[in-house]
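A structural walkthrough
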Amino acid sequence: MDRFIFLESSIEIVPAEIRNHPAVISDARRRKKKVSEILLDDSKHHSAMERLKFREKRGRPDIVHQCLLLLLDSPMRNNYEIYVHTLGGMIIRVANETRLPRNYNRFVGLMENLFKERIIKDGEKILLEILDSKLSELVKGKDVILLSEKGEKFSPEILKGDLAICIGAFAHGDFFKSTLKELGNFKAVSIGKESFSSLYVTSKILAEYERVRAT
Ligand SMILES: C[S@@+](CC[C@H](N)C(=O)[O-])C[C@H]1O[C@@H](n2cnc3c(N)ncnc32)[C@H](O)[C@@H]1O
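Residues numbered from 1 in each chain as written. Predicted model: local features only at pLDDT ≥ 70, side-chain atom pairs only at ≥ 80, totals over all residues. Heavy atoms only, no water.

**Some details on the site of the ligand**
Close to the ligand lie 19 residues, the nearest being Leu 147, Gly 173, Gly 192, Glu 194 and Ser 195. Ile 191 has a polar backbone atom sitting 3.0 Å from a nitrogen atom of the ligand. Residue Glu 194 places a main-chain N or O atom 2.7 Å away from a nitrogen atom belonging to the ligand. Here the ligand has 570 Å² of accessible area as a free molecule, and 90% of this is covered by the chains. When contributions to the shell around the ligand are tallied by element, the ones reaching two or more residues are strand S6 (143-153), strand S7 (163-168), strand S8 (186-190) and helix H7 (198-214). Considering each element in turn, the shell around the ligand owes the most residues, three residues, to S6. (Near = heavy atom within 4 Å. Polar contact = N/O pair within 3.5 Å; in protein donor to acceptor, adjacent residues only side chain to side chain. Areas by Shrake-Rupley, 256 points an atom, 1.4 Å probe, with all protein chains shown as cover. Helix = DSSP H or I, 4+ residues; strand = E, 2+ residues; numbered from the N terminus.)

What follows is the structure, encoded as structure tokens:
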């Protein structure tokens, strides 16, 4: 089955080195949660994030939230599996019957539970799960397509095959070399010279995917 994989997704628990920052402490207090259990969010922890390495790529869970909603809304969602690879190297599987909260704050709460429990179920059905897998294992044996502004011009033809379609889910910057190495042999494709948002790229590629696979 095809796979959509969001790469280096900007979603993580507030890292230990900034948990004593006033912006983090007051946010956790307001939400009645432990500082070690809340998601890093640039809109709330901006001042605390100044000291973080690669801060331009971090604290934007809203990006992967929006992209997941798109993939889960598609009438072709049963044709693909959905995975979130995080900036920290974690792999999350999102079952395609998951009804993800549309409200951002509720999404944040759900993901905080996931990071704590490692699994979210509805009865016996696993909806979200942190896997003990590596990115390299997810793409093994697949025709790996990397959406990148530096790639060759996109042609719908490449959407035929047993695909792993990879899209960055962070706000700024480039992929880490280590991530690209894990992808192994991949084809980088560009949908234009501009650097687009993850949401725009996901919607564009999903529309092409639906068109190619429906015919
Ligand atoms: C990481 S972001 C934008 C990063 C951008 N370099 C910046 O600093 O603003 C969005 C993701 O969408 C994809 N993307 C953005 N522009 C693209 C383009 N022109 N063609 C194909 N994919 C693109 C890539 O997968 C990228 O990782």
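**So, the pairing of S7**
Looking along a regular strand, one sees the side chains alternate between the two faces of the sheet. Of all six residues that make up S7, six are buried, and the element is covered over most of its length. Burial of the side chains of S7 extends over both faces: Leu 163, Ile 165 and Ile 167 are buried on one face and Ala 164, Cys 166 and Gly 168 on the other. With four bridges joining them, S6 and S7 adopt parallel strand pairing. Directly across from Leu 146, in S7, lies its bridge partner Cys 166. (Buried < 20%, exposed > 50% of the residue type's maximum accessible area, 1.4 Å probe, protein only. Pairing = 2+ DSSP bridges.)

**Brief notes about the nonpolar core**
One finds Phe 6, Leu 68 and Met 111 to be the most contacted residues of the largest nonpolar core, which totals 42 residues. For this core, the element with the most residues is helix H3 (residues 61-73), which contributes seven residues. Counting residues in hydrophobic clusters, the runner-up holds 14 residues, among them Ile 91, Ala 164, Cys 166 and Leu 183. (Core = buried A, V, L, I, M, F, W, Y, C linked by side-chain atoms within 4.5 Å.)

**Remarks on the domain arrangement of the protein**
In terms of domains, the protein is made up of domain 1 (2-10 + 59-214) and domain 2 (16-55). Computed from C-alpha atoms alone, the centre-to-centre distance between domain 1 and domain 2 is 25 Å. Listed by partner, the interface residues are eleven residues for domain 1 and ten residues for domain 2. Between domain 1 and domain 2, the buried area comes to about 880 Å², and carbon and sulfur atoms account for 56% of it. (Domains from an automatic or database assignment. Contact = heavy atoms within 4.5 Å. Buried area = accessible area lost by both parts, 1.4 Å probe.)

**Looking at the sheet that holds S8**
Read across the open sheet, the eight strands follow the order S4-S5-S3-S2-S1-S7-S6-S8; overall the sheet is mixed. Every interior strand has two partners, whereas the edge strands, strand S4 (119-122) and S8, have only one. Ignoring which end each strand starts from, the neighbouring axes of this sheet average 25° apart. Across four bridges, S4 lies against strand S5 (residues 125-131) in antiparallel orientation. Across the sheet, residue Asp 122 finds its bridge partner in S5, namely Lys 125. Across the sheet, H7 lies against strand S1 (2-9), strand S2 (80-86), S6 and S7, angled at about 160° from S7, the strand it touches most. (Axes fitted to C-alpha atoms, helices over the stretch in contact; angles between N-to-C directions.)

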